[in-house]
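Listed below, chain by chain, are the residues.
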Amino acid sequence: MQAPLTVTPAQLPNVLLHVAVVRPVFLWGAPGIGKSSLVQSFAESLGLHCVTLLGTQLAPEDLIGVPQIVGDRSRFAPPETIARDEPYCLFLDELNASSPEVQKAFYSLILDRRIGTYELPVGSVVIGAGNRATDNALARPMASALVNRMIHIHLRASATDWLKWAADHGIHQWVVDYLVQRPDHLWSPPPKTEEPFSTPRGWHMLSDAIWSYGESIDDETLSILAFGTLTAAHASAFRAYVKTVRHAYDLDAVLKGDASWPRGPGDRDLLYFLSETFRARLIKGLPTSKDNASPVGRQLAFRAKALLIELAEISLECAQLVIATDDDGAPVLPSWFLVEISRDLPRLATARI
């Protein structure tokens, strides 16, 4: 399923409020970005109990029910989890991961809001959710008849939304502060191999584990937890960030000259983290035009060139990381600054190719 347009977690409740109350909705999204919790929160906002059915754990008879004799006729008795007297939110999680037979059993429930002779109470809502095949998750093709029975909405992760949520839900301050600096690390595409990858759910799990150990957690244990919940590159950067917090070692101190680049063999991850942070600071702070630069911008450029020379003496790789192009090969720093760097430090010129 392609996603020409997406919504953020903050936008989703308003969309569901106007759509799910009149038609069944299917919510697409990558694993771990909060589909289930968002649906449950939406149901609570309407004062509805949320009944969750996992498509991967169902058989057709779990929906249709079992036959019973009533008088001289038989009829199917739907399960009590579905057959309720009061309106509720029926959440069909992992719907597109269920077997074709289970998907067929959902047809009448989704479109006609009926199972056998039982009808969902007026005011009930039906919401399905599932991962995409491109997420390397368990996902089966949905028949066109089932696809056509629902309105499809695609959810994307949003660092802004998640950080607002985290502020009220006890997420550890290390996690919050790190993602404020690196919001692009909140989520990463699922890998093709069986290994952890970064998601809002993964960061939440890491936060819970850190709280369980307490802030006296040692570096080795923190590394085990980070690499067990996040993409390897993100785990390494987060571990380095915690080092900066614990040792009061930050980029501002380096920029002011109160501290120098770390040089110890054991601080390699810290050097990479500071280099990435330095790159982000330059992207944000350097003026696009040298002629129109403010005094602050000119001062940053002057200091940046000196720091890049120092950094290249310690690690040419880290220095090249600071001025490297983006994934598409386009420069991210102003061209005038790159020209001056190439002139003053020719060894870095190859980083822009």
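Residues numbered from 1 in each chain as written. Predicted model: local features only at pLDDT ≥ 70, side-chain atom pairs only at ≥ 80, totals over all residues. Heavy atoms only, no water.

Some points on the overall build of the protein chain
A tally of regular secondary structure across the protein chain gives 15 helices and nine strands. A compact globule built from 353 residues should have a C-alpha radius of gyration of about 20 Å, whereas the protein chain, at 26 Å, is more than 25% larger. Seen along its three principal axes, the alpha-carbon backbone of the protein chain occupies a region of about 95 × 45 × 35 Å. With 353 residues in all, the protein chain has 46% of them scored as buried. Sequence separation of at least 24 residues holds for 73% of the intrachain contacts in the protein chain that already meet a minimum separation of 6. Accessible surface computed for the protein chain: about 18,400 Å², of which carbon and sulfur atoms make up 53%. In the protein chain, which carries 32 positive and 39 negative side-chain charges, the distance between the mean positions of the two groups comes to 6 Å. (Helix = DSSP H or I, 4+ residues; strand = E, 2+ residues; numbered from the N terminus. Rg over C-alpha atoms; globule rule 2.2 N^0.38 Å. Buried < 20%, exposed > 50% of the residue type's maximum accessible area, 1.4 Å probe, protein only. Contact = heavy atoms within 4.5 Å. Areas by Shrake-Rupley, 256 points an atom, 1.4 Å probe, with all protein chains shown as cover. Lys, Arg positive; Asp, Glu negative; His and termini not counted. Charge placed at Lys NZ, Arg CZ, Asp CG, Glu CD.)

With respect to the packing of aromatic side chains
For the coordinates displayed, the defined rule picks out 10 aromatic pairs. One aromatic cluster is present, formed by Y178, W203, F238, Y241 and F273 through successive ring pairs. Over the aromatic face of Y88 sits the side chain of R84, whose NZ or CZ is 5.7 Å from the ring centroid. (Phe/Tyr/Trp six-rings, centres within 6.5 Å; stacked < 30°, edge-to-face > 60°. Lys NZ or Arg CZ within 6 Å of the ring centre and 35° of its normal.)

Remarks on the packing of helix α13 (residues 295–314) against helix α15 (residues 335–344)
Where α13 meets α15, the axes come as close as 11 Å, and the angle between the chain directions of the two elements is 40 degrees. The interaxial crossing formed by α13 with α15 has right-handed handedness. In contact with A301, A304, K305 and L308 of α13, α15 contributes W336, F337, E340, I341 and D344. Tallied by class, the residues present in the contact of α13 with α15 amount to six nonpolar, no polar and three charged. (Axes fitted to C-alpha atoms, helices over the stretch in contact; angles between N-to-C directions. Left-handed = near helix turned anticlockwise from the far one by under 90°. Nonpolar A, V, L, I, M, F, W, Y, C, P; charged D, E, K, R; others polar.)

Description of the nonpolar core
Judged by nonpolar contacts, the single largest core of 55 residues is most densely connected at W162, W203, F238, W261, F278, L282 and F337. Sort the elements by how many residues they give to this core and α13 lands first, with seven residues. Grouped together as the second largest cluster of nonpolar side chains are 24 residues, L58, L63, L90 and V126 included. (Core = buried A, V, L, I, M, F, W, Y, C linked by side-chain atoms within 4.5 Å.)

Considering α15
Within α15, the full set of buried residues consists of W336, F337, L338, E340, I341 and S342. Taken together, the buried residues of α15 touch α12 (268–285), α13 and α14 (316–323).

Things to note about the state of the cysteines
Across all of its chains, the model carries zero disulfides by this definition. Unpaired in terms of disulfides, C50 finds its nearest cysteine sulfur in C89, a separation of 4.2 Å. (Disulfide = S-S within 2.5 Å.)

Regarding the side chain of Q103
By the element assignment, Q103 lies in helix α4 (residues 100–111). Taking the relative accessible area as the measure of exposure, Q103 reaches 4% and is therefore buried. Beyond its immediate sequence surroundings of up to four residues, Q103 is in contact with L95, N96, S98, R140, P141, M142, A143 and L146.

Thoughts on the sheet that holds strand β2 (residues 49–54)
With parallel pairing, the five strands of this open sheet are ordered in space as β2-β5-β8-β1-β9. Since the sheet does not close on itself, it has two edges, and those belong to β2 and β9 (151–154), each with one partner. When strand polarity is set aside, the average angle formed by the axes of neighbouring strands in this sheet is 25 degrees. Note: β2 against strand β5 (residues 88–93), six bridges, orientation parallel. The residue bridging V51 from the neighbouring strand is L90, located in β5. Relative to β9, helix α1 (residues 12–19) is tilted by about 175 degrees, and along the sheet it contacts β1 (25–28), β8 (125–130) and β9. (Pairing = 2+ DSSP bridges.)

Focus on the pattern of salt bridges
All chains considered together, the criterion is met by 10 salt bridges. For K290, the salt bridge goes to E340, with nearest N and O atoms at 2.5 Å. Separated by 50 residues along the polypeptide, K290 in the loop between α12 and α13 and E340 in helix α15 bring together distant segments of the chain. According to the relative accessible area criterion, K290 is partly exposed, its value standing at 44%. (Salt bridge = Lys/Arg side-chain N within 4 Å of Asp/Glu carboxyl O.)

What to know about a nonpolar patch on the surface
On the surface, L17, V21, V22 and L46 cluster together to form a nonpolar patch covering roughly 320 Å² of accessible area. The exposure class of V21 is partly exposed, given its relative accessible area of 42%. (Patch = residues over 30% accessible without salt bridge, like charges linked within 9 Å, V, L, I, M, F, W, Y side chains within 5 Å.)

As for the environment of D344
Secondary-structure assignment places D344 in helix α15. Looking at D344, the relative accessible area reads 37%, which means it is partly exposed. Considering only alpha carbons, one finds D344 and A167, 177 residues apart in sequence, at a separation of 45 Å.

With respect to the side chain of H172
Considering the arrangement of structural elements, one finds H172 in the loop between α6 (159–167) and α7 (173–181). The contacts of H172, once residues within four sequence positions are left out, are S207, I210, W211 and E215.

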